Amino acid sequence: MSKKNTDWIRQAPGSDRLERIEAYFSGNAYAMHKHDTYAIGSTLAGVQSFAYRGSKCNSLPGGTIVLHPDEAHDGQAGTGDGFHYRMIYVEPALIQQILGGQALPFIRNGISTDPRLFAATLPLLQAMDKPMDALEEQDALFDLAHAMHTCSDKLAGAAASKLHFDYQAAERAREYIHSAMTDNITLDELADHSGRDRWSLSRDFRLLFGTSPYRYLTMRRLDLVKSLLMQGYTLVNAALAAGFSDQSHMSKHFSKAFGLTPLRWLNMHGKASRPE
C-alpha cells in the first residue's frame, strides 16, 4: 500500500463480548497509551512498529501481537508503505471466566511466533465485515484463552500463582461496577458488595483483571462513550451520560486510553462530530 491511502479503522459488527477491528495507517498511528484489555492481533501487510515494555517491537505478517492489559504502548508504520492489521480487544474477565480464576497469561515481548497462538487467534480475525455466530465466537475465545495460558511466560505465571486471591469476591466487585457505572463508586462500597476487605480486594482485582478498580470503571465509561458517539451523541452529551464530569475530563481519559483524541477516532470511523 502507498502513503496515498487514507488512515482508517473499521469495526466488526455484532459482538457484546469483544471488539474486533481492521485498520490501516500510513505513518504515526497511536500516541503512547494503555487500555485494560488484551490487544491481540496480526499484521497483514507492512511493518507494524510499537514501543512496549522498554523495547521497540516490529510486527510482521505471520506473527501474533499480544499486549498485556494496562501496559503502555504506541503504534506507527515501520516503513514508508504503512501497515495494515487486524486486532481484537479481549477483557481479562473473559479469560478469567474460561480459565477459572488463574493469574492472567503473560506473553513476553508482546509478539509471539508460536503457531498454536497464531492458529487460535485466526478464527477471531476472519470475516471482519460480518458478525460471528455466538457459539462460534465462544468456542474461539475458549481456544484462545487456553492457547494464551499454554504459551504464556511460565516464570511470571509461577510467581503470580503463589499469591492467594479470591476470584469470586473480585468478580462480585466487577459486576457491581457494571451495575453502577455512572455513580461515584467508592472502594468501601466494592468491599461491602464483594465480602472482602478493601485492600485485599484492590490487590486481587489488579491480579485477576489486569488493572485497578478505578481504571476498570473509567474504561467501561469510555466504552459507553464510544458507543454513544457512534449513535450520534455530541461529545458533551456522551461524556455526561457516561458519568464523566465534563467533556474535557472524558477527552483526557480517552486519549490516554486509546492514543487518539475522540475527534480523530470519530473521523477514522467515517463519523463527523455533531455541533455541541
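Procedures and definitions
- Residues numbered from 1 in each chain as written.
- Predicted model: local features only at pLDDT ≥ 70, side-chain atom pairs only at ≥ 80, totals over all residues.
- Heavy atoms only, no water.
- Patch = residues over 30% accessible without salt bridge, like charges linked within 9 Å, V, L, I, M, F, W, Y side chains within 5 Å.
- Areas by Shrake-Rupley, 256 points an atom, 1.4 Å probe, with all protein chains shown as cover.
- Salt bridge = Lys/Arg side-chain N within 4 Å of Asp/Glu carboxyl O.
- Lys, Arg positive; Asp, Glu negative; His and termini not counted.
- Charge placed at Lys NZ, Arg CZ, Asp CG, Glu CD.
- Buried < 20%, exposed > 50% of the residue type's maximum accessible area, 1.4 Å probe, protein only.
- Pairing = 2+ DSSP bridges.
- Helix = DSSP H or I, 4+ residues; strand = E, 2+ residues; numbered from the N terminus.
- Axes fitted to C-alpha atoms, helices over the stretch in contact; angles between N-to-C directions.
- Expected span 1.5 Å × (residues − 1).
- Arc of directions from axis to C-beta.
- Contact = heavy atoms within 4.5 Å.
- Parallel < 35°, antiparallel > 145°, perpendicular 65-115°, else oblique.
- Nonpolar A, V, L, I, M, F, W, Y, C, P; charged D, E, K, R; others polar.
- Core = buried A, V, L, I, M, F, W, Y, C linked by side-chain atoms within 4.5 Å.
- Polar contact = N/O pair within 3.5 Å; in protein donor to acceptor, adjacent residues only side chain to side chain.
- Phe/Tyr/Trp six-rings, centres within 6.5 Å; stacked < 30°, edge-to-face > 60°.
- Lys NZ or Arg CZ within 6 Å of the ring centre and 35° of its normal.

Undergrad: Can you explain a negative patch on the surface? Please cite residues and give values.
TA: A cluster of acidic side chains, namely Asp-133, Glu-136, Asp-139 and Asp-143, defines a negative patch on the protein surface. What makes Asp-143 partly exposed here is its relative accessible area of 44%.

Undergrad: Requested: an account of the sheet that holds strand β1 (residues 8–11), with residues and values cited.
TA: Read across the sheet, six strands follow the order β1-β2-β9-β4-β7-β10 without closing on themselves; strand pairing throughout is antiparallel. Of all strands in the sheet, those bounded by a partner on one side alone are β1 and β10 (111–112). Looking at chain direction, strand β2 (residues 18–25) and strand β9 (residues 83–90) are connected through eight bridges and run antiparallel. Counterpart to Glu-19 in the pairing with β9 is Tyr-89.

Undergrad: Tell me what's going on with the sheet that holds strand β3 (residues 28–33), and back it up with residues and numbers.
TA: The strand order across the open sheet formed by four strands is β3-β8-β5-β6, and the pairing between neighbours is antiparallel. Strand pairing shows two members of the sheet lacking a second neighbour, β3 and β6 (55–59), which therefore form its edges. Taken pair by pair, the neighbouring strands of this sheet meet at an average axis angle of 20°, ignoring direction. Here three bridges tie β3 to strand β8 (residues 73–77), and the two strands are oriented antiparallel to one another. The residue of β8 that forms the bridge with Tyr-30 is Gly-75.

Undergrad: Go over the pattern of salt bridges with me, naming the residues and quoting the values.
TA: The full count for this structure, using the stated rule, is 16 salt bridges. Across the pair Arg-174 and Glu-171 runs a salt bridge whose closest N-O atoms are separated by 2.9 Å. With Arg-174 and Glu-171 both in helix α5 (residues 167–179) and three residues apart, this pair spans about one turn of that helix. Like Arg-174, the residue Glu-171 is buried in the burial classification. Its salt-bridge partner being Arg-203, residue Asp-204 comes within 2.8 Å of it at the nearest N-O pair. Owing to a relative accessible area of 0%, Asp-204 belongs among the buried residues under this scheme. Exposure remark for Arg-203: the relative accessible area of 39% places this residue in the partly exposed category. Several salt bridges converge on common partners, so that one network encompasses Asp-36, Glu-91, Glu-171, Arg-174, Arg-220 and Asp-223.

Undergrad: Quick rundown of helix α3 (residues 134–151)? Include the residues and the values.
TA: Over its 18 residues, α3 extends 26 Å from the first C-alpha to the last, a length consistent with the 26 Å expected when each residue adds 1.5 Å. Listed as buried for α3 are Glu-137, Ala-140, Leu-141, Leu-144, Ala-145, Ala-147, Met-148 and Cys-151. An end-on view of α3 places all buried positions within 165° of arc, on one side of the element. Each element contacted by the buried residues of α3 is listed here: β2, β4 (38–46), β7 (64–67), β9, α1 (92–99) and α2 (115–121).

Undergrad: Describe the packing of helix α6 (residues 187–194) against helix α7 (residues 198–209), naming the residues involved and giving the relevant values.
TA: Axis separation between α6 and α7 bottoms out at 9 Å; the angle between their running directions is 90°. As summarised for this structure, α6 and α7 are arranged roughly perpendicular, according to the angle between their axes. The segment α6 lies against α7, with Leu-187, Asp-188, Leu-190, Ala-191 and Ser-194 engaging Arg-198, Trp-199, Leu-201 and Ser-202. Split by residue class, the contact of α6 with α7 holds five nonpolar, two polar and two charged.

Undergrad: Mind laying out the nonpolar core, listing which residues take part and the relevant values?
TA: Residues Ile-9, Phe-25, Tyr-30, Tyr-85, Leu-222, Val-225 and Met-250 are the most contacted members of the largest nonpolar core, which totals 36 residues. Ranked by residue count, the leading element in this core is helix α8 (residues 213–230), at five residues. When residues no more than four places from it in sequence are discounted, the contact partners of Tyr-85 are Ile-21, Glu-22, Ala-23, Phe-25, Tyr-30, Ser-42, Thr-43, Leu-44 and Gln-48. Residues Ile-40, Val-66, Leu-125 and Leu-144 belong to the second largest nonpolar core, which totals 23 residues.

Undergrad: Describe the environment of Tyr-38, naming the residues involved and giving the relevant values.
TA: Locating Tyr-38 in the fold gives a position in strand β4. We classify Tyr-38 as buried; its relative accessible area is 1%. C-alpha of Tyr-38 to C-alpha of Ala-147: the two residues are 109 residues apart in sequence and 14 Å apart in space. Setting aside chain neighbours within four positions, we find Tyr-38 in contact with Val-66, Leu-67, His-68, Pro-69, Ile-88, Tyr-89, Val-90, Pro-92, Ile-95, Leu-104, Pro-105 and Met-148.

Undergrad: Lay out α5 with the relevant residues and their values.
TA: The first and last C-alpha atoms of α5 sit 19 Å apart over 13 residues, in line with the 18 Å expected at 1.5 Å per residue. Where α5 begins, one side-chain oxygen reaches toward the backbone nitrogen of Gln-168, 3.2 Å away; that side chain belongs to Asp-166.

Undergrad: Requested: an account of the packing of aromatic side chains, with residues and values cited.
TA: For the structure shown, the criterion picks out nine aromatic pairs. Ring geometry for Phe-25 against Phe-83: centres 5.9 Å apart, planes inclined by 25°, an arrangement best described as stacked. With Phe-25 in strand β2 and Phe-83 in strand β9, the pair connects residues that are 58 residues apart, well separated along the chain. Using a relative accessible area of 1% as the deciding quantity, one classes Phe-83 as buried. A centroid spacing of 5.9 Å and a plane angle of 75° characterise the contact between Phe-254 and Trp-265, whose relative ring orientation is edge-to-face. Highlighted residues: Phe-254 in helix α10 (residues 247–258) and Trp-265 in helix α11 (residues 262–268), separated in sequence by 11 residues. Side by side, Phe-254 and Trp-265 carry an identical accessibility label, which is buried. Taken together, the aromatic side chains of Phe-25, Tyr-30, Phe-83 and Tyr-85 make up a single cluster linked through ring pairs. Positioned above the aromatic ring of Trp-8, the side-chain terminus of Arg-10 is 4.0 Å from the ring centre. Over the ring of Tyr-216 we find Arg-220, and its NZ or CZ is 4.5 Å from the ring centre.

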